[in-house]
Amino acid sequence: MNVGDTLPPLEIPVTRTLIVAGAIASRDYQDVHHDAALAQEKGSPDIFMNILTTNGLVGRYITDHLGPRAVLRKVAIRLGAPNYPGDTMTLTGTVTAVSGATGSGTTASGTTIEIRVVGANGIGHHVTGTVTAEVPA
């Protein structure tokens, strides 16, 4: 991989089931992630995805591309526009750094790759951030 390389986009349908299942899996029982009526009472048009689900999807996006042996060393993301049911989030990524002791990006333990990630939906950027991963030699 080289700086400037782009990862193929990943489209994720944002379903009610995905939102609720992600909240349950991460033990986030806030009503805004599973109860539409209570979410609306709090000013949201519907339930919305939690950050832990988003974080998992970002990690999946990177490891799907780099392979199952890739190790996520740092995930620094920020949420923006909510992911509501019925929308689609499209994740994209651009390699921003490749490092290694030999200058070619390879070390004895592998290659460290930094990728800028954006997840956009119909109302804007849901998630932006940077992931640093190591791919074993």
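One can find the structure itself at the top, above this paragraph.
What comes next is a walk through the structure. (Residues numbered from 1 in each chain as written. Predicted model: local features only at pLDDT ≥ 70, side-chain atom pairs only at ≥ 80, totals over all residues. Heavy atoms only, no water.)

**Quick notes on the pattern of salt bridges**
Under the criterion given, the structure shown has four salt bridges. Across the pair Asp46 and Arg16 runs a salt bridge, and its minimum N-O distance is 2.8 Å. Of this pair, Asp46 sits in the loop between helix H2 (36-41) and helix H3 (51-66) while Arg16 sits in helix H1 (residues 16-25), and the two are 30 residues apart along the sequence. Relative accessible area serves as the criterion here: at 14%, Asp46 is assigned to the buried category. Close ionic contact of Arg60 with Asp64 constitutes a salt bridge, the shortest N to O distance being 3.2 Å. Note that Arg60 and Asp64 are positioned in helix H3 at a spacing of four residues, about one turn of the helix. Taking the relative accessible area as the measure of exposure, Arg60 reaches 38% and is therefore partly exposed. For Asp64, a relative accessible area of 52% translates into the label exposed. (Salt bridge = Lys/Arg side-chain N within 4 Å of Asp/Glu carboxyl O. Helix = DSSP H or I, 4+ residues; strand = E, 2+ residues; numbered from the N terminus. Buried < 20%, exposed > 50% of the residue type's maximum accessible area, 1.4 Å probe, protein only.)

**A few points about the sheet that holds strand E5 (residues 124-135)**
Strand order in the open sheet made by the five strands is E1-E3-E4-E5-E2, with antiparallel pairing throughout. Among the strands making up the open sheet, the edge pair consists of strand E1 (6-14) and strand E2 (71-79). Averaged over neighbouring strand pairs, the angle between their axes works out to 20 degrees when direction is ignored. Relative to E5, E2 runs antiparallel, the two being bridged by eight bridges. Bridging across to E5, Lys74 finds its partner in Thr132. The strands that H3 touches are E1, E2, strand E3 (87-99), strand E4 (111-121) and E5; relative to E2, the one it contacts most, it runs at about 135 degrees. (Pairing = 2+ DSSP bridges. Axes fitted to C-alpha atoms, helices over the stretch in contact; angles between N-to-C directions. Contact = heavy atoms within 4.5 Å.)

**Re a nonpolar patch on the surface**
Judged by side-chain polarity, Ile51, Leu52 and Leu79 come together as a nonpolar surface patch covering roughly 240 Å² of accessible area. As for its position among the elements, Leu52 is in helix H3. (Patch = residues over 30% accessible without salt bridge, like charges linked within 9 Å, V, L, I, M, F, W, Y side chains within 5 Å. Areas by Shrake-Rupley, 256 points an atom, 1.4 Å probe, with all protein chains shown as cover.)

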